[in-house]
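Geometric and topological summary
As a plain string of letters, each chain reads:
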Amino acid sequence: MTTDPKAHPGGHHHSGEPEVDPVTGYDTTGHEWGGIKELNTPFPRIALVALALTFAYAVVAWILLPAWPLGRDYTHGLLDLDQGEVAVAGYRELSGMREGWLSRFDAPDFAALEQDADLMAAAMPAAHRLFRDNCAVCHGMTGGGGPGFPVLADGYWLWGGTPEDIAETLSVGINSEHPDTRYAEMPVFDWLERADRTTLAEYVAGLPAGGADPESPAGMLFEENCAACHGEGGEGGLLNGAPSLTDASVIYGQDAATVEQTLRHGRMGVMPYWSDRLSAAEINLLALYVSRFASGAEEAAP
């Protein structure tokens, strides 16, 4: 290694002094690419300060807060914080705030409860959260339903739309594992001739628009095979799990091809029961909330 200053990178070839950029005043490093010289720019002081503060914060956080995993445990820090305990404490505080009015839903008089404006103001936001957490994934945020899941925001109910009926459905489910579950199944009609299934599917597809003739051969097929469950003219409303076929809110689709597939293979949807997850008061609260969808009372819920 030479000690000759003239041999140092960036030094002047006679004096050995570093070459200074006339624009910035910074020394050059001696590196040059296509006429562009590299400057020996000092590291920004603010960046050094930021790095120092970050390091200091990290050290303090390691000491005060949970930080390092230790197999099945972790360092708890001097503050001994536990987010799980914080969450449980928050839940208990929220439950305590609700306890006063929620107990009124244990064995409710729904009509009287709905007339209590102060109670509804406190209860409906909580019911909205219950619906979002437990029901919206299938039935939609506003009860609009979807393929395979009934609409809750219209006047057509498979098992009744009163709060009492809805509470029962929530408690025992439909085709669920609950011993008292509601049972409903669309049977397979593969025993019908294919031409008859096609004719029947076209008839059912025309019901919502009022284009089906009940006096036609297709109407007779419907009367003989479908009316017992879906009602005269397919209006539903028999509270036996068979949906109305005359409205636009069909569960699986009501174009002729989909209806023919339903006739060929049958349907059996499952609604889980919630009595092992929600309390009786929460089920009753949720039932009252859902019953208000059809009137639009909860359309603009918070």
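Summary of the structure given here. Keep in mind the model is a prediction, meaning the values are calculated, not measured.

1. Some remarks on the layout of surface pockets
Estimates place the volume of the second largest pocket at around 270 Å³. With five residues, the top contributor of residues to the lining of the second largest pocket is helix 2 (residues 83-102). Within the lining of the second largest pocket, the residues separate by chemical class into five nonpolar, two polar and five charged.

2. Re the packing of aromatic side chains
Two aromatic rings, taken as a pair, are described by how far apart their centres are and by the angle between their planes. Taken as a whole, this structure holds seven aromatic pairs when the rule is applied. Ring plane angle 55° and centroid distance 5.3 Å describe the contact between Trp62 and Trp68, whose orientation is recorded as tilted. Residue Trp68 is classed as partly exposed on the basis of its relative accessible area of 45%. When the centroid spacing of 5.8 Å and the interplanar angle of 35° are considered together, the rings of Phe189 and Trp191 count as tilted. Judged by its relative accessible area of 55%, Trp191 is exposed. One aromatic cluster is present, formed by Phe131, Tyr289 and Phe293 through successive ring pairs.

3. Details of the state of the cysteines
Tallied over the full model, the rule gives zero disulfides. Cys135 supplies the cysteine sulfur nearest to Cys138, a cysteine that is in no disulfide, at a spacing of 8.6 Å. Judged by its relative accessible area of 32%, Cys138 is partly exposed. Looking at the unpaired Cys226, the closest cysteine sulfur is the one in Cys229, lying at 8.6 Å. On the basis of relative accessible area, Cys226 is assigned to the buried category, the value being 8%.

4. With respect to unusual backbone geometry
Within the chain, Asn175 stands out as a residue other than glycine whose phi angle is a positive 55°. Tracing the backbone through its elements, the reader meets Asn175 in the loop between helix 6 (163-172) and helix 7 (194-205). A residue is classified by how much of its surface remains accessible, and Asn175, at 12% relative accessible area, is buried. Positive phi, close to 55°, is recorded for Leu239, a residue that is not glycine.

5. Topic: the pattern of salt bridges
Applying the stated criterion across every chain, the model contains five salt bridges. Residue Lys37 is joined to Glu19 by a salt bridge in which the shortest nitrogen-to-oxygen separation is 2.5 Å. Taken together, the positions of Lys37 in strand 2 (residues 36-39) and Glu19 in the segment before strand 1 (28-33) put the pair 18 residues apart, joining distant regions of the chain. The residue Asp133 makes a salt bridge to Arg129 at a minimum N-O spacing of 3.4 Å. Of the two residues, Asp133 and Arg129 both sit in helix 4 (residues 117-134), four residues apart, roughly one turn of that helix.

6. A closer look at the environment of Arg264
Note that Arg264 resides in helix 10 (residues 256-265). Placed 67 residues apart in sequence, Arg264 and Arg197 show a C-alpha to C-alpha distance of 7.8 Å.

7. A closer look at the pairing of strand 2
By the bridge criterion, three bridges tie strand 1 to strand 2 in an arrangement that is antiparallel. Opposite Thr28, over in strand 2, you have Leu39 as the bridge partner. A loop of two residues connects strand 1 with strand 2, the two strands running antiparallel in sequence, and Gly34 in this loop sits at a positive phi of about 60°.

8. Section: helix 2
Taking 1.5 Å as the rise per residue, helix 2 with 20 residues should run 28 Å; its terminal C-alpha atoms sit 27 Å apart, in good agreement. A maximum bend of about 25° is found in helix 2 at Gly96. When you tally the buried positions in helix 2, you get two out of 20 residues, a small fraction of the element. In this structure Asp82 caps helix 2, since a side-chain oxygen of it lies 2.8 Å from the backbone nitrogen of Gly84.

9. A look at the packing of helix 7 against helix 8 (residues 217-225)
It is the contact of helix 7 with helix 8, at a shortest axis distance of 9 Å, that shows an interaxial angle of 95°. Classified by the angle their axes make, helix 7 and helix 8 are roughly perpendicular. Mapping the contact onto sequence places Asp196, Thr199, Leu200, Tyr203 and Val204 in helix 7 and Ala218, Gly219, Leu221 and Phe222 in helix 8. Residues belonging to the contact of helix 7 with helix 8 are distributed by class as follows: six nonpolar, two polar and one charged.

10. A closer look at the side chain of Thr29
Note on placement: Thr29 falls in strand 1. Here Thr29 falls in the buried class, since its relative accessible area comes to 17%. Reaching out from Thr29, the side chain makes a polar contact with the backbone nitrogen of His31 at a distance of 3.3 Å. Engagement of the side chain of Thr29 in a polar contact is seen with the side chain of Glu38, the distance being 2.8 Å.

11. Comments concerning empty space enclosed by the protein
Enumeration over the complete set of coordinates arrives at one cavity of 30 Å³ or more. If you add up the space inside the largest cavity, you get close to 30 Å³. Arg98, Trp101, Leu102, Ala126, Leu130, Glu282 and Leu285 together form the lining of the largest cavity. Sorting the residues of the lining of the largest cavity by element identifies helix 2, helix 4 and helix 11 (280-291) as the ones contributing at least two each. It is helix 2 that contributes the most residues to the lining of the largest cavity, three residues altogether. Taken together, the residues of the lining of the largest cavity sort by class into five nonpolar, no polar and two charged.

Calculation notes
- Sequence order as written defines residue numbering, which begins from 1 separately in each chain.
- For this predicted model, a pLDDT threshold of at least 70 governs which residues receive local features, and a threshold of 80 or more governs which side-chain atom pairs are given and counted, while totals over whole chains, interfaces and linings are taken from all residues.
- The side-chain figures draw on all heavy atoms in the structure; neither hydrogens nor water molecules are used.
- Of the two site types, the cavity is a set of points on a 1 Å grid over the protein atoms alone where a 1.4 Å probe fits but cannot get out, and the pocket is an open set with protein on both sides within 12 Å along at least five of seven lines, each lined by residues with an atom within 4 Å of a point.
- Grid points are joined across faces, edges and corners, and a volume is the space filled by probe spheres set on the points.
- Numbering of helices and strands runs from the N terminus; a helix is a DSSP stretch of H or I covering at least four residues, while a strand is a stretch of E covering at least two.
- Amino acids outside the nonpolar list (Ala, Val, Leu, Ile, Met, Phe, Trp, Tyr, Cys, Pro) and the charged list (Asp, Glu, Lys, Arg) are all regarded as polar, and Gly is one of them.
- Any pair of Phe, Tyr and Trp rings, taking the six-membered ring for Trp, is counted once the centres come within 6.5 Å. Such a pair is stacked with planes under 30 degrees apart, edge-to-face with planes over 60 apart, and tilted for the rest.
- For every residue, the accessible area obtained with a 1.4 Å probe (protein chains only) is divided by the maximum for its type, and the residue is called buried under 20%, exposed over 50%, and partly exposed between those limits.
- The term disulfide is used for any two cysteine sulfur atoms that are within 2.5 Å.
- What makes a salt bridge here is a side-chain nitrogen of Lys or Arg within 4 Å of a carboxyl oxygen of Asp or Glu, nothing more.
- Pairing between two strands requires that DSSP report at least two bridges joining them.
- To estimate the expected span of a helix, subtract one from its residue number and multiply by 1.5 Å.
- Bend angle per residue: angle between axes fitted to the 7 residues ending at that residue and the 7 residues starting there.
- Counted as a polar contact is a pair of N or O atoms within 3.5 Å, where, for protein atoms, one must be capable of donating a hydrogen and the other of accepting one, and residues adjacent in sequence contribute only when both atoms are in side chains.
- An axis is simply a line fitted to the C-alpha atoms; with a helix, the fit covers only the stretch in contact. Between two such axes, the angle follows the N-to-C directions and lies from 0 to 180 degrees.
- The cut-offs work like this: below 35 degrees is roughly parallel, past 145 is roughly antiparallel, 65 to 115 is roughly perpendicular, and the gaps in between are oblique.
- Working rule for contacts: check all heavy atoms of both residues, and any pair within 4.5 Å makes them a contact.

Without other data, these values stay purely geometric and don't point to any function.
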